[in-house]
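Report on the structure
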Amino acid sequence: MLFELREVGVDRGGRAVLDSFGASVPDGSTAIVGPSGVGKSTLLRLLNRLADPDRGEIAYRGRPLTEYEPLALRREVALVPQLPALLEGTVESNLRYAAELAGEELDAEATLARAGLDPSFAARDVSRLSVGEQQRAMLARALAQRPRVLLLDEPTSALDHAARDRIEAALAELRREHEVSIVLVSHDPEQARRLGDQILEMPA
Ligand SMILES: Nc1ncnc2c1ncn2[C@@H]1O[C@H](COP(=O)(O)OP(=O)(O)O)[C@@H](O)[C@H]1O
Ligand SMILES: [Mg+2]
């Protein structure tokens, strides 16, 4: 099992956002769905230890998540946040930074291709990208770390259909060709069905 959550509780602002939450997330692709405010982003951030639960336990590949050193874990389990947040500079400098942090060699062209971007994007300044291009650059930056697991927080929520389709195609290929496991948060049940082998509904 990729992730196993038992009796997980998280308090925010004096109330429980997650309470006694349990779920099994297998290898492959899992879509987490549920209404806004239900705790989807909170849950996703637990999976690479950007936050730890207040109660309960999470296991990753059979070992308690707390046994993994957070920085090492985040190299293997990469999170793409809901809003693009690139560093100033070119797309390639962003990829290079991520690769170096993870101690990986960078093949910029191949990494861009895996995120559905053509090689000319390497030299593009991030301040001149559309939001859809920024989302794919964020995906490419996460892939530059060569993660085994990608956590995606509503990766297409700000995009038009054409840009959404390009991200979805890139994700399907990552899953198929590169055996990257995907845990995707979506508020769109149709997208969850398109991308998830398994759908995890969060109780409202
Ligand atoms: N740091 C925080 N302080 C107070 N409340 C928070 C904090 N982070 C999240 N919340 C609240 O927790 C709930 C779940 O948030 P979130 O996980 O972002 O939901 P979702 O991603 O499903 O929309 C929301 O009601 C949100 O306002
Ligand atoms: Mg959210």
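In this report, the structure presented in the accompanying data block is examined. None of these values were measured; they are calculated from a predicted model. (Residues numbered from 1 in each chain as written. Chains lettered and ligands numbered in written order. Predicted model: local features only at pLDDT ≥ 70, side-chain atom pairs only at ≥ 80, totals over all residues. Heavy atoms only, no water.)

**A closer look at the nonpolar core**
Inclusion rule: The term nonpolar core refers to a set of buried residues drawn from Ala, Val, Leu, Ile, Met, Phe, Trp, Tyr and Cys, joined through side-chain atoms within 4.5 Å. Three labels apply to residues, based on accessible area from a 1.4 Å probe with only protein chains included: buried if under 20% of the type maximum, exposed if over 50%, partly exposed otherwise in between. Put simply, DSSP H or I for four residues or longer makes a helix, DSSP E for two residues or longer makes a strand, and each gets a number counted from the N terminus. What makes two residues a contact is simply this: any of their non-hydrogen atoms within 4.5 Å.
Residues L95, L112, L139, L150 and L171 are the most contacted members of the largest nonpolar core, which totals 37 residues. The element that contributes the greatest number of residues to this core is helix α5 (residues 131-143), accounting for 6 residues. The contacts of L139, once residues within four sequence positions are left out, are V80, A115, L150, L152, A170, L171 and L174. Counting residues in each nonpolar core, the second largest holds 28 residues, with I32, L46, L47 and V149 among its members.

**Here's the deal with the side chain of K40**
Quick note on the threshold: Neither His nor the chain termini are counted; the positive set is Lys and Arg, and the negative set is Asp and Glu. Any Lys or Arg side-chain nitrogen located within 4 Å of an Asp or Glu carboxyl oxygen qualifies as a salt bridge. Counting of polar contacts relies on pairs of N or O atoms within 3.5 Å, with two restrictions inside protein: one atom must be capable of donating a hydrogen and the other of accepting it, and residues adjacent in sequence are counted only when both atoms are side-chain atoms.
Within the secondary structure, K40 is located in helix α1 (residues 40-46). Look at K40: it is buried, it has no salt bridge, and the nearest opposite charge is E154 at 4.2 Å. Engagement of the side chain of K40 in a polar contact is seen with the backbone oxygen of G34, the distance being 3.0 Å. At 3.0 Å, the side chain of K40 and the backbone oxygen of P35 are in polar contact. Every residue in contact with K40, bar those within four places of it in the chain, is listed here: I32, V33, G34, P35, E154, V185, S186 and M202.

**Quick look at the sheet that holds strand β1 (residues 3-12)**
Spelled out, the test is: Between any two strands, pairing holds if DSSP finds at least two bridges.
Ordered by their spatial adjacency, 4 strands build an open sheet running β2-β1-β4-β5, and the pairing between neighbours is antiparallel. Each having just a single partner strand, β2 (15-25) and β5 (63-64) make up the two edges of the open sheet.

**Section: the sheet that holds strand β8 (residues 181-186)**
For clarity, the threshold we go by: Think of each axis as a best-fit line through the C-alpha atoms, taken over the contacting stretch in the case of a helix, with angles from 0 to 180 degrees between the N-to-C directions.
With parallel pairing, the 5 strands of this open sheet are ordered in space as β6-β7-β8-β3-β9. A strand with exactly one partner marks an edge of an open sheet, and here the two such strands are β6 (77-80) and β9 (198-201). Looking at each pair of strands side by side, their axes are set apart by 15° on average, direction ignored. Examined bridge by bridge, strand β7 (residues 149-153) and β8 share 5 bridges and lie parallel to one another. Along β8, the bridge assignment pairs V149 with S181.

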